[in-house]
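Residue-level listing of the chains:
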Amino acid sequence: MSVLQNDTFLRALLRQPTDYTPLWLMRQAGRYLPEYRATRQRAGSFLDLCKSTELATEVTLQPLERFPLDAAILFSDILTVPDAMGLGLYFAEGEGPKFERPLADEAAIRALAVPDMHKLQYVFDAVASIRKALAGRVPLIGFSGSPFTLASYMIEGGGTDSFSKIKTLMYDRPDLMHHILQINALTVIEYLNAQIEAGAQAVQIFDSWGGALAYGKYQEFSLQYMKQIVAGLKREHDGRRVPVIVFTKGGGLWLEDIADTGCDAIGLDWTMDLAAARRRVGDKVALQGNFDPVALFAKPAAIEAEVARLLADYGDGSGHVFNLGHGISQFTPPEHVTALVDAVHRLSRPYHRAA
């Protein structure tokens, strides 16, 4: 593998000194970029795009050709995992992801098993290809959904606002819920370790729906399984530590609990006070976030002002990776992303001079 030329992102995750605050964006390779839309059209479908090593590599690198970002993230989808379990992932036009065979009864749940990782070889091939194509420019992030977030789709059969099916199962049959979550956790451990072996230099667990859980239920049905995953991951590879980021959308109430999972960094959504988060857990973990993605529709001067506010909230020193508080909107003007990236790199340097 090529020597890493810019390790600012990895150093920040480990709270080591950096010259500036690094940034990447959740969903940075996506529909807001015209070049992505052109490649997606060539691919034929979203799943075909994910499963093509060449095209997945191409779209992963597209935002780095436009913006001087400090990390690349594998282009894939969290639902490749339940698809490999046999649930039959498909994308309905205008409706998002769906499963042909959701977990609708006890027999289906009891039959659930950790899939053969060969079914996900296309993901690991993409990781290896992207890492080679990056040629050491910036680190590559691998990722997975959390066990609870994956289970939400597996039980609901697609996206949901109410979580009625999964929560009903959780309250009525916690034994079945724990069976699904344990299978998912064991699968995610294998899946992320294979990504690390293939070349991922950091990994993120996307707990997109953990914040929908009640207090106590979050700890029992989401957090404990992420802690199990963190404990099962390869934390050293190619002579470097492989940092782990845990991102629970809506997880601001539980920062101390998340920090106790053993992760290196916590992702914050845009509702969190970055200064308060640093006071609460900054002695244990790095923080990632937390620019409101909708603020990218504002004029560049307003974007710069919001960047300045967040950088000041975090304050001096390392341990902050700038990111959005959730994925970038497909309607975001790319030139506003340029303004964001420039502002973060330019305005953050004074906060790192003591380093």
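From a predicted model like this one, the values you see are computed outputs, not experimental measurements. (Residues numbered from 1 in each chain as written. Predicted model: local features only at pLDDT ≥ 70, side-chain atom pairs only at ≥ 80, totals over all residues. Heavy atoms only, no water.)

**Thoughts on the overall build of the protein**
Phase 1: Along the backbone of the protein there are 15 helices and 11 strands.
Phase 2: The C-alpha radius of gyration of the protein comes to 19 Å, within 12% of the 20 Å expected for a compact globule of 355 residues.
Phase 3: Projected onto its principal axes, the C-alpha positions of the protein cover 60 × 45 × 40 Å.
Phase 4: Of the contacts formed within the protein by residues at least 6 apart in sequence, a portion of 73% connects residues at least 24 apart.
Phase 5: Looking at the protein as shown, the accessible area adds up to about 14,000 Å², and 50% of this sits on carbon and sulfur atoms.
Phase 6: When the 35 basic and 41 acidic side-chain charges of the protein are each reduced to a single mean position, those positions are 2 Å apart. (Helix = DSSP H or I, 4+ residues; strand = E, 2+ residues; numbered from the N terminus. Rg over C-alpha atoms; globule rule 2.2 N^0.38 Å. Contact = heavy atoms within 4.5 Å. Areas by Shrake-Rupley, 256 points an atom, 1.4 Å probe, with all protein chains shown as cover. Lys, Arg positive; Asp, Glu negative; His and termini not counted. Charge placed at Lys NZ, Arg CZ, Asp CG, Glu CD.)

**Some words on the sheet that holds strand β4 (residues 140-145)**
Phase 1: On the basis of which strands lie adjacent, the open sheet formed by 7 strands has the order β1-β4-β5-β8-β9-β10-β11 and parallel pairing. Here the strands that pair on one side only, and so sit at the sheet edges, are β1 (72-73) and β11 (320-324).
Phase 2: Inspection of the sheet shows strand β8 (residues 244-248) paired to strand β9 (residues 265-267) by 3 bridges, in the parallel sense. Its bridge partner being in β9, Phe247 is matched across the sheet by Gly267.
Phase 3: Contacting β4 and β5 (202-207), helix α10 (residues 174-198) crosses the sheet at an angle of about 170° to β4. (Pairing = 2+ DSSP bridges. Axes fitted to C-alpha atoms, helices over the stretch in contact; angles between N-to-C directions.)

**A look at empty space enclosed by the protein**
Phase 1: Considering all chains together, one arrives at 2 cavities of 30 Å³ or more under this definition.
Phase 2: Roughly 40 Å³ of internal volume is contained in the largest cavity.
Phase 3: Lining the largest cavity, in full, are Ser2, Val3, Leu4, Arg131, Leu134, Ala135, Gly136, Val138 and Gln201.
Phase 4: For the lining of the largest cavity, the class distribution of residues is 5 nonpolar, 3 polar and 1 charged.
Phase 5: Quantified by volume, the second largest cavity comes out at close to 30 Å³.
Phase 6: Lining the second largest cavity are Thr248, Gly251, Gly252, Leu255, Ile258, Ile266, Gly267, Leu268, Asp269 and Met272. (1 Å grid on protein atoms, 1.4 Å probe; cavity = no way out; pocket = protein on both sides within 12 Å on 5 of 7 lines; lining within 4 Å. Points joined across faces, edges and corners; volume = space filled by probe spheres on them. Nonpolar A, V, L, I, M, F, W, Y, C, P; charged D, E, K, R; others polar.)

**Here's the deal with the side chain of Asp70**
Phase 1: As for its position among the elements, Asp70 is in the loop between α4 (53-66) and β1.
Phase 2: Arg349 provides the closest opposite charge to the buried, salt-bridge-free Asp70, at an N-O distance of 8.0 Å.
Phase 3: Of the polar contacts made by the side chain of Asp70, one reaches the side chain of Asn6; its length is 3.0 Å.
Phase 4: A polar contact of 2.6 Å, which involves the side chain of Asp70, links it to the side chain of Tyr20.
Phase 5: The residues touching Asp70, leaving out its near neighbours within four places in the chain, are Asn6, Phe9, Tyr20, Pro22, Leu23, Val138, Pro139 and His345. (Buried < 20%, exposed > 50% of the residue type's maximum accessible area, 1.4 Å probe, protein only. Salt bridge = Lys/Arg side-chain N within 4 Å of Asp/Glu carboxyl O. Polar contact = N/O pair within 3.5 Å; in protein donor to acceptor, adjacent residues only side chain to side chain.)

**Topic: the layout of surface pockets**
Phase 1: Its boundaries defined by the atoms lining it, the largest pocket holds a volume of some 1,500 Å³.
Phase 2: As for the largest pocket, its lining consists of 39 residues, and the residues nearest its centre are Arg27, Arg31, Phe46, Asp77 and Phe91.
Phase 3: Taken together, the residues that form the lining of the largest pocket break down as 20 nonpolar, 12 polar and 7 charged.

**Comments concerning the nonpolar core**
Phase 1: Counting 127 residues, the largest nonpolar core has Phe9, Met177, Ile266 and Leu340 as the members making the most contacts within it.
Phase 2: With 13 residues, the single largest contributor to this core is α10.
Phase 3: Filtering out sequence-adjacent residues up to four positions away, Ile266 remains in contact with Ile245, Val246, Leu255, Ile258, Ala259, Val281, Val285, Ala286, Leu287 and Gln288. (Core = buried A, V, L, I, M, F, W, Y, C linked by side-chain atoms within 4.5 Å.)

**Considerations on the packing of aromatic side chains**
Phase 1: With the rule as written, the count across this model stands at 9 aromatic pairs.
Phase 2: With 6.4 Å between their ring centres and 85° between their planes, Phe206 and Phe247 make a pair best called edge-to-face. Remark: Phe247 occurs in strand β8 and Phe206 occurs in strand β5; sequence separation between them is 41 residues.
Phase 3: A residue is classified by how much of its surface remains accessible, and Phe206, at 13% relative accessible area, is buried. (Phe/Tyr/Trp six-rings, centres within 6.5 Å; stacked < 30°, edge-to-face > 60°.)

**A word on the pattern of salt bridges**
Phase 1: Scanning the entire structure with this criterion turns up 20 salt bridges.
Phase 2: With a shortest N-O distance of 2.9 Å, Glu65 and Arg137 are connected by a salt bridge. Separated by 72 residues along the polypeptide, Glu65 in helix α4 and Arg137 in the loop between α7 (121-134) and β4 bring together distant segments of the chain.
Phase 3: Through salt bridges with shared partners, a single network forms among Glu106, Arg110, Arg173 and Asp175.

**Let's talk about helix α5 (residues 80-87)**
Phase 1: With 7 of 8 residues buried, α5 is to be regarded as a mostly interior element.
Phase 2: Along α5, the positions that sit buried rather than exposed are Thr80, Val81, Pro82, Asp83, Ala84, Met85 and Leu87.
Phase 3: Close packing links the buried residues of α5 with α3 (46-51), β2 (89-92), β3 (96-99), α7, α8 (147-156) and α10.
Phase 4: Positive phi appears at Gly88, one or two residues downstream of α5, with a value of about 75°.

**Details of a nonpolar patch on the surface**
Phase 1: Taken together, Val294, Phe297 and Phe331 make up a surface patch of nonpolar side chains, about 330 Å² in accessible area.
Phase 2: Mapped onto the secondary structure, Phe331 falls in the loop between β11 and α15 (334-348). (Patch = residues over 30% accessible without salt bridge, like charges linked within 9 Å, V, L, I, M, F, W, Y side chains within 5 Å.)

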